Amino acid sequence: LVVTLHDSEVDDKGKLAYTSSSFDTKPVDNNGFCPIWKDGAQTWQVVNPEVAVVVFSLKEKDWEFDDRVAEAAIPINRLRDGYRSVQLFDLNNSRSGAFGFASLLVEIKIV
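Residues numbered from 1 in each chain as written. Predicted model: local features only at pLDDT ≥ 70, side-chain atom pairs only at ≥ 80, totals over all residues. Heavy atoms only, no water.

*Asks:* Is there a simple way to explain the overall build of the protein chain in this structure?
*Replies:* What the protein chain contains, in helices and strands, is zero helices and six strands. Going residue by residue from the N terminus, the α and β elements of the protein chain occur as β-β-β-β-β-β. Taken across its 111 residues, the protein chain has 24% of its residues classed as buried. Carbon and sulfur atoms make up 52% of the accessible area of the protein chain, which totals about 8500 Å². (Helix = DSSP H or I, 4+ residues; strand = E, 2+ residues; numbered from the N terminus. Buried < 20%, exposed > 50% of the residue type's maximum accessible area, 1.4 Å probe, protein only. Areas by Shrake-Rupley, 256 points an atom, 1.4 Å probe, with all protein chains shown as cover.)

*Asks:* So what exactly am I meant to see when it comes to the nonpolar core here?
*Replies:* Most often, soluble globular proteins have nonpolar side chains that are buried together. With 17 residues, the main nonpolar core has Val54, Phe56, Val86, Leu88, Leu104 and Val106 as its most contacted residues. Listed by contribution, the elements that provide at least two residues to this core are β1 (2-10), β3 (53-61), β4 (66-75) and β6 (103-108). Discounting chain neighbours no more than four positions away, the residues touching phenylalanine 56 are Leu1, Val2, Val3, Ala70, Glu71, Ala72, Ile74, Val86, Leu104 and Val106. (Core = buried A, V, L, I, M, F, W, Y, C linked by side-chain atoms within 4.5 Å. Contact = heavy atoms within 4.5 Å.)

*Asks:* How should I be thinking about the environment of leucine 88 in this particular structure?
*Replies:* Within the fold, leucine 88 resides in the loop between β5 (82-87) and β6. Separated by 44 residues in the primary sequence, leucine 88 and tryptophan 44 have C-alpha atoms spaced 22 Å apart. If sequence neighbours within four positions are ignored, leucine 88 has contacts with Leu58, Ala70, Glu71, Ala72, Arg95, Phe99, Ala102, Ser103 and Leu104.

*Asks:* Honestly, the packing of aromatic side chains in this entry has me stumped. Any pointers?
*Replies:* For any pair of aromatic rings, the description consists of the separation of the ring centres together with the inter-plane angle of the planes. By the definition in use, this model includes zero aromatic pairs. Just above the ring of phenylalanine 89 sits the side chain of arginine 95; from NZ or CZ to the centre is 5.6 Å. (Phe/Tyr/Trp six-rings, centres within 6.5 Å; stacked < 30°, edge-to-face > 60°. Lys NZ or Arg CZ within 6 Å of the ring centre and 35° of its normal.)

*Asks:* What is the right way to look at the confidence of the model for the protein chain in this model?
*Replies:* Segments scoring low in pLDDT should not have their predicted coordinates read at a detailed level. Per-chain confidence: the protein chain averages 85 in pLDDT, with 92% of residues scoring 70 or above. Here β4 stands out as the least confident element of the protein chain, with mean pLDDT 86; β5 is the most confident, with 94. (pLDDT = per-residue confidence, 0-100.)

*Asks:* Honestly, the pattern of salt bridges in this entry has me stumped. Any pointers?
*Replies:* Where charged atoms from two side chains of opposite charge approach closely, those side chains can pair. Scanning the entire structure with this criterion turns up one salt bridge. Linking lysine 109 and glutamate 107 is a salt bridge whose minimum nitrogen-to-oxygen distance equals 4.0 Å. (Salt bridge = Lys/Arg side-chain N within 4 Å of Asp/Glu carboxyl O.)

*Asks:* Whenever I open this one, the environment of glutamate 71 confuses me. Can you help?
*Replies:* Mapping glutamate 71 onto the fold places it in strand β4. Since its relative accessible area comes to 25%, glutamate 71 is described here as partly exposed. In terms of polar contacts, glutamate 71 uses its side chain to reach the side chain of serine 57, at 3.1 Å. (Polar contact = N/O pair within 3.5 Å; in protein donor to acceptor, adjacent residues only side chain to side chain.)

*Asks:* Explain the side chain of threonine 4 to me, please; I cannot follow it from the model alone.
*Replies:* One can find threonine 4 in strand β1. Looking at threonine 4, its side chain comes within polar contact range of the side chain of serine 22, at 2.9 Å. Contact partners of threonine 4, with chain neighbours within four places excluded, come to Ser20, Ser21, Ser22, Val53, Val54 and Val55.

This is how it looks when you write it as structure tokens:
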């Protein structure tokens, strides 16, 4: 699982600049139906909540490369505190077939 925050900030010239930061979890072997990541909490400082977006990208670890399986993008200003179910979409932005019920259970803390 890769969690990425896309944001913007004012640079030293006074212009709006794109920023991003990511957090990769360790792969969970042989547990594709109900994996649990215990990598600890990740904290970010959001500079511009009106445009910031958090992206959850689920990847399958292969021997040579990682395949993207599903993703979800959520605007930061739409998140609320607490445990949230994040619905995942396949690479065609669909929730059909195997992705009909695919989701992540995440805990959000806004301070």
